[in-house]
Amino acid sequence: MIRFLLLQNRQGKTRLSKWYVPYEDSEKQSIQQECHKVVTQREAKFTNFVEWRTHKLVYRRYAGLFFTLCVDVNDNELACLESIHLFVEVLDQYFGNVCELDLVFNFHKVFVILDEYFLAGEVMETSKKEILNRVHEIDRLLEAS
C-alpha cells in the first residue's frame, strides 16, 4: 500500500503531496524534509529504493523533480518504479512535455490524474489511454458547466 507520494524539486520544495495515511501537519513537514534528505543524498550508483523507518521509499528523478512513494516493506519495488514512470508518462502526454511549472500552476489537474491512477493508496488503473480518456472526459464536463 502506498502511504504517501511526494514530488519535490532539488531544493527540497514540495510541489505536490498526496497522503493516503493520516499524519499530523507537523509530522508531514518533518517527513517531507527527511525524505528529501534521504533521496537527494544518495549516490546515483545506488538503487532507487531505501528502507526508511518501518517502510520503504521508492523514488525516481526526472529532470529536477524527485517522485517519491512511501510503501510497505513487502511491496514490490520494481512495480512501484513502474507506477512512478507511468504517472510521469501520463503527465507528459497530458501537458505535452511536462515541466515543474505545469505541476505548480495546474496542480488541480495533476490531482485529478493522480486520483484516476491511485485509489486509497493502491493502483486503480494501469492503462495510460484509459486514464487520459477519463481526465479528458472530466475536462469536457467542466467546460460544459
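Everything here concerns the structure above.
Keep in mind the model is a prediction, meaning the values are calculated, not measured. Starting afresh in each chain, residues are numbered from 1 along the sequence in its written order. Residue-level local features of this predicted model are given only where pLDDT is at least 70; pairs of side-chain atoms are given and counted only at 80 or more, and the full residue set underlies all totals for whole chains, interfaces and linings. Heavy atoms from the whole structure form the basis of all side-chain values; hydrogens and water molecules are not counted.

**Here we look at the packing of helix α2 (residues 77-95) against helix α4 (residues 107-117)**
And then number 1: Think of each axis as a best-fit line through the C-alpha atoms, taken over the contacting stretch in the case of a helix, with angles from 0 to 180 degrees between the N-to-C directions. By definition, any uninterrupted DSSP run of H or I lasting at least four residues is a helix, any uninterrupted run of E lasting at least two residues is a strand, and each is numbered from the N terminus. Following both chains from N to C, one finds α2 and α4 inclined at 135°, their axes separated by 11 Å at the closest point. Viewed along their axes, α2 and α4 adopt a mutual orientation that is oblique. In terms of crossing hand, the pair formed by α2 and α4 is right-handed. Side by side, α2 and α4 meet where Glu82, Ser83, Leu86, Phe87, Val90, Leu91, Tyr94 and Phe95 of the first sit next to Lys109, Val110, Ile113, Leu114 and Tyr117 of the second.
And then number 2: Nonpolar residues are Ala, Val, Leu, Ile, Met, Phe, Trp, Tyr, Cys and Pro. Charged residues are Asp, Glu, Lys and Arg, and all others, Gly as well, are polar. Broken down by class, the residue content of the contact of α2 with α4 amounts to ten nonpolar, one polar and two charged. An angle below 35 degrees is read as roughly parallel, one above 145 as roughly antiparallel, one from 65 to 115 as roughly perpendicular, and any other as oblique. Here a crossing is taken to be left-handed if its near helix is turned anticlockwise relative to the far helix by less than a right angle, and right-handed if that turn runs clockwise. Here a residue-residue contact requires only that any non-hydrogen atoms of the pair lie within 4.5 Å.

**With respect to the nonpolar core**
Generally speaking, a soluble globular protein has its nonpolar side chains buried in company with each other.
And then number 1: The set of buried Ala, Val, Leu, Ile, Met, Phe, Trp, Tyr and Cys residues whose side-chain atoms join them within 4.5 Å is what this entry labels a nonpolar core. Type-normalised accessible area, obtained with a 1.4 Å probe on protein chains alone, sets the label of each residue: buried when under 20%, exposed when over 50%, and partly exposed for intermediate values. In terms of nonpolar packing, the biggest core is built from 30 residues, with Phe67, Phe87, Leu91 and Ile113 touching the most fellow members.
And then number 2: Secondary structure elements with two or more residues in this core: β1 (2-9), β4 (55-62), β5 (65-71), α2, α4 and α5 (128-144).
And then number 3: In terms of residues, this core owes the most to one element, α2, which gives ten residues.
And then number 4: Ranked by size, the runner-up nonpolar core spans eleven residues in total, among them Trp19, Tyr23, Val50 and Cys70.

**Digging into the side chain of threonine 68**
And then number 1: For threonine 68, the location among the structural elements is in strand β5.
And then number 2: Here threonine 68 is in contact with Phe4, Leu5, Leu6, Val39, Leu57, Val58 and Tyr59, once residues within four sequence places are set aside.

**Some remarks on the environment of glutamine 32**
And then number 1: Inspection of the secondary structure puts glutamine 32 in helix α1 (residues 25-40).
And then number 2: Placed 19 residues apart in sequence, glutamine 32 and lysine 13 show a C-alpha to C-alpha distance of 8.9 Å.
And then number 3: Glutamine 32 has contacts with Leu6, Gln8, Thr14, Ser17 and Trp19, leaving out every residue within four places of it along the chain.
And then number 4: Within 3.5 Å is the distance limit for a polar contact, defined as a pair of N or O atoms, with the added protein rule that one can donate a hydrogen and the other accept it, and that residues adjacent in sequence qualify only through two side-chain atoms. A polar atom in the side chain of glutamine 32 sits 3.2 Å from the side chain of threonine 14.

**Some remarks on the pairing of strand β3 (residues 49-52)**
And then number 1: Only one face of β3 is buried: it carries Val50 and Trp52, and the other face, with Phe49 and Glu51, is open.
And then number 2: By the bridge criterion, four bridges tie β3 to β4 in an arrangement that is antiparallel. Of the residues in β4, the one forming a bridge with glutamate 51 is lysine 56. We call two strands paired when DSSP finds no fewer than two bridges between them.

**Observations concerning the pairing of strand β2 (residues 14-19)**
Note on strand geometry: in a regular strand, side chains alternate between the two faces of the sheet.
And then number 1: Both β1 and β2 contribute to a ladder of five bridges, which runs antiparallel. Directly across from glutamine 8, in β2, lies its bridge partner threonine 14.

**Some thoughts on the packing of α4 against α5**
And then number 1: Where α4 meets α5, the closest approach of the two axes is 10 Å, and the angle between their N-to-C directions is 135°. With respect to α5, the element α4 is oriented oblique. The two elements α4 and α5 meet at a crossing, and its hand is right-handed. Contacts from Val112, Ile113, Glu116 and Tyr117 in α4 reach Ile131, Arg134, Val135 and Ile138 in α5.
And then number 2: A class-by-class count of the residues in the contact of α4 with α5 yields six nonpolar, no polar and two charged.

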